[in-house]
Amino acid sequence: MSIKVSDYVLQRLREWDVEHVFAYPGDGINGLLAAWGRAENKPVFVQARHEEMAAFEAVGYAKFSGRVGVCAATSGPGAIHLLNGLYDAKLDHVPVVAIVGQTNRSAMGGSYQQEVDLLSLYKDVAGAYCEMVTVPEQLPNVIDRAMRVARAQRTVTAVIIPADVQELDYSPPQHAFKMVPSSMGMASYAPIPGDDDIARAAEVLNAGEKVAILIGQGARSARAEVEQIADVLGAGVAKALLGKDALPDDLPYVTGSIGLLGTRPSYEMMQECDTLLVIGSSFPYTQFMPELDQARAVQIDIDPQMIGLRYPFEVNLVGDSAETLKRLLPRLTRKKHGKWRKKIEKDTARWWEVMERRAAVDADPINPEYVVHALDALLPPDVILAADSGSAANWYARHLRMRGSMRGSLSGTLATMGPGVPYVIGAKFAHPERPAIAIVGDGAMQMNGLAELITAAKYWQEWSNPQLIVAVLNNQDLNQVTWEMRAMSGAPQFLPSQSLPDIAYADFARSIGLDGVRVEKPGDVEGAWRQALAATRPFVLDFRTDPAVPPIPPHASLDQIEAAAASVLKGDSDRTGMIRQGLKAKVQEMLPGTRHRHPDGGDHE
């Protein structure tokens, strides 16, 4: 019995163990939609509200499952809409395959309706592998290579299938000239550096007295080895945001996040170290690393294209993190846990005390730091967390401590708005038994999250554990940009661009069969979190938070923060209800121990 190309595409995806395809329909993939009907919806067609959300859900699924995420869209606008989510995958090194429709071959080049040059459009985002199927015999090779390249290179690939090709009878490649047969599967592999390179790296690390380690998501599978090497070297460990869940935060030497959204102990450790080991990270901000002539440095990364970036590394090791560290450890000389390690642990413990005090600062009506800080102690041990871009990412980075098997992610490199809610939806399809929480700003919620709650409403009853919580930090302000304008330009809030309408997010959730509550008093915050965590359906928490709480960089001085905060008074003092002295007192309370310029001209705690 003959089958159509569209039937074969779905069959091959099933053979690759693809269980879900995040998608939105359109006539450019009508053939595939009909095939889904004949295949009894296997793999499962997950209907997003928008193609960009489908791509984000595929990214979230891939990030939290370790498998290839697959998304699909129609020709023209559907394929265009996928792009932002696909770039999120590409920049964060996440394996995603996009399957997109195209106009009939007979219409190509004729300026036909929805005709877009998809090969050119996808040339960058799917540069590792992008192919258009024009005859059935190109299959299964095209599907196999798209899956294999996405997985091997942790990147985006794309398969474009014209609408008329989807309807053709499938015929496999023959044992003939200019035919390309294919085979299934891809064995796992773990590249390792040569012995000479390992020895050179060991020499650098053994010579150091103040060793700092920076890890990213590439160290996630090497948790035990990172703990061992930190112990042997007496080192502290800072984490890039994509590596936030790579090592638990309850280890006393883990200094937390690094960078603009990072912690003070991470910043100071980098400023004072004499040796740096970077594992599985392409953290981009050189200014948060040691001075360029300060530290001898070693990098470990599985991708040779990412080696040697960001810092003048003395030894660059291309290899799997776990396997490389296993070979490096026997060559290292154990260091005494002396002043350096003790200082790191003391600074880190003090930082968490600072976070607690910052969360306790009064605000109008609720301090957003308190909202997130209150969640920390309540986190389920197997929770999956996502944060959206914006000031919400600051509080996620600084106030939530990863423990045990907790997972978390955000749009690390693209830093796009809007993936928070679709990320946790994708996570729920990857792990329907685990609770998932998204922390998003009201800007991101209005941009993407509200509509995607409808997707959660459509599917939540299929999940074995219905816990999905969306916490909205509702401050009626595009807050991160507002504070960037203040800090970088000394400009007050520009209301036409920054002010957001107040939306009843919890009411909307309830209107579509979910649950939710608005929280307007600090005393109600913890109870609201407990209510959401006990809910038997997805839950939206609408926290009314204060836009005047600054997302403070770890290296900022009190003078810098006062200058930024004082700019509030230039145009929007009616919204903050603060006077300059109140701002100064607030900032001082939020930054105990931060060095600043005293009127006598000296640096003081």
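Since this is a predicted model, take the numbers as computed values, not measurements.

1. With respect to the confidence of the model for the chain
Here the chain shows a mean pLDDT of 91. Residues at 70 or above account for 91%. Taken together, the stretch residues 569-586 has pLDDT below 50 and engages in 35 contacts with residues farther than four places along the chain or on a different chain. Of the regions scoring below 50 in pLDDT, residues 589-605 engages in 36 contacts with residues more than four places distant in sequence or in other chains.

2. As for the environment of Thr333
Summarising the element assignment, Thr333 is placed in the loop between helix H12 (321-328) and helix H13 (339-359). For the pair Thr333 and Leu233, spaced 100 residues apart in the sequence, the C-alpha separation amounts to 7.6 Å. In contact with Thr333, other than residues within four places in its own chain, are Asn206 and Val232.

3. What to know about the packing of aromatic side chains
Across all of its chains, the model carries 12 aromatic pairs by this definition. Between Phe283 and Tyr285, the ring centres sit 5.7 Å apart and the planes meet at 75°, which makes this aromatic pair edge-to-face. Of the residues examined, Phe283 reaches a relative accessible area of 8% and is grouped as buried. The partly exposed category is assigned to Tyr285, whose relative accessible area is 38%. With a centroid separation of 5.9 Å and an interplanar angle of 65°, the aromatic rings of Tyr311 and Phe313 are classed as edge-to-face. The class for Tyr311 is buried, based on a relative accessible area of 3%. Residue classification places Phe313 among the buried residues on the basis of a relative accessible area of 11%. Through pairs of rings, three or more aromatic residues link up here, namely Phe22, Tyr61, Phe429, Tyr459 and Trp463.

4. Concerning the packing of helix H1 (residues 5-15) against helix H2 (residues 30-38)
In the contact formed by H1 and H2, the axes pass within 8 Å of each other and the chain directions differ by 60°. Handedness of the crossing formed by H1 with H2: right-handed. Between H1 and H2, the contacting residues are Ser6, Asp7, Val9 and Leu10 on the first element and Gly31, Leu32, Ala35, Trp36 and Arg38 on the second. Of the residues that constitute the contact of H1 with H2, the class distribution is 5 nonpolar, 2 polar and 2 charged.

5. Structural notes on the pairing of strand S17 (residues 515-519)
As paired strands, S17 and strand S18 (residues 539-544) are joined by 5 bridges and run parallel to one another. Bridge pairing in S18 links Val517 to Leu541. Once the chain exits S17 it traverses helix H21 (residues 525-533) before rejoining the sheet at S18, and the crossover so formed is right-handed.

6. Concerning the nonpolar core
Membership of the largest hydrophobic core comes to 58 residues, with the highest contact counts inside it found for Leu82, Leu86, Tyr122, Met445 and Val470. Top element by residues in this core is helix H3 (residues 51-65). It accounts for 9 residues. The contacts of Tyr122, once residues within four sequence positions are left out, are Ala79, Leu82, Leu83, Leu86, Ala98, Val100, Gly127, Cys130 and Ala158. Among the nonpolar cores identified, the runner-up in size contains 38 residues, and Ala393, Val519, Phe543 and Val549 belong to it.

7. Some remarks on the state of the cysteines
For the coordinates displayed, the defined rule picks out 0 disulfides. Between Cys71, a free cysteine, and Cys130, which holds the nearest cysteine sulfur, the sulfur-to-sulfur gap is 12 Å.

8. As for the environment of Ala152
Looking at the element boundaries, Ala152 is found in helix H7 (residues 141-153). On the basis of relative accessible area, Ala152 is assigned to the partly exposed category, the value being 22%. The sequence separation of Ala152 and Ala187 amounts to 35 residues, and the corresponding C-alpha distance is 9.9 Å. Not counting residues within four places of it along the chain, the set of residues in contact with Ala152 comprises Met186 and Tyr189.

9. A word on the sheet that holds strand S9 (residues 254-257)
The parallel open sheet is built from 6 strands, whose spatial order is S9-S8-S7-S10-S11-S12. Each end of this open sheet is capped by a strand with a single partner; those strands are S9 and strand S12 (315-318). Pairs of neighbouring strands in the sheet enclose a mean axial angle of 15°, with direction left out of account. Of the strand pairs in this sheet, strand S8 (residues 236-239) and S9 are connected by 3 bridges, and their pairing is parallel. Within S9, the position partnered with Val237 by the bridge is Val254. Against the sheet, helix H10 (residues 223-233) contacts strand S7 (211-215), S8 and strand S10 (275-279), and its axis sits at roughly 165° relative to S7.

Definitions and limits used
The numbers attached to residues start from 1 for each chain and follow its sequence in the written order. The model is predicted, so local features are restricted to residues of pLDDT at least 70 and side-chain atom pairs to those at 80 or more, both for listing and for counting; the totals for chains, interfaces and linings are taken over all residues. The side-chain quantities take in all heavy atoms of the structure and omit both hydrogens and water. For every residue, the predictor assigns a confidence score, pLDDT, that lies between 0 and 100. The contact rule is simple, with two residues in contact once any of their heavy atoms fall within 4.5 Å. Strands are runs of DSSP state E lasting at least two residues, helices are runs of H or I lasting at least four, and both sets are numbered from the N terminus onward. Ring pairs are drawn from Phe, Tyr and Trp, using the six-membered ring of Trp, whenever the two centres fall within 6.5 Å, and their geometry is named by plane angle: stacked under 30 degrees, edge-to-face over 60, tilted for the rest. Accessible area is worked out with a 1.4 Å probe on protein chains only. A residue is then buried under 20% of its type maximum, exposed over 50%, and partly exposed in between. Lines fitted to C-alpha atoms define the axes here, with helix axes fitted over just the stretch in contact, and angles between the N-to-C directions of these axes take values from 0 to 180 degrees. Here a crossing is taken to be left-handed if its near helix is turned anticlockwise relative to the far helix by less than a right angle, and right-handed if that turn runs clockwise. Here the term charged refers only to Asp, Glu, Lys and Arg, the term nonpolar to Ala, Val, Leu, Ile, Met, Phe, Trp, Tyr, Cys and Pro, and the term polar to all other amino acids, Gly among them. Any two strands with at least two DSSP bridges between them are considered paired. Place the viewer so that the strands point away; then a crossover is right-handed whenever the path from the first strand over the helix to the second strand goes clockwise. Here, the term nonpolar core denotes a set of buried Ala, Val, Leu, Ile, Met, Phe, Trp, Tyr and Cys residues that are joined through side-chain atoms within 4.5 Å. The disulfide criterion is simple: two cysteine sulfur atoms within 2.5 Å.

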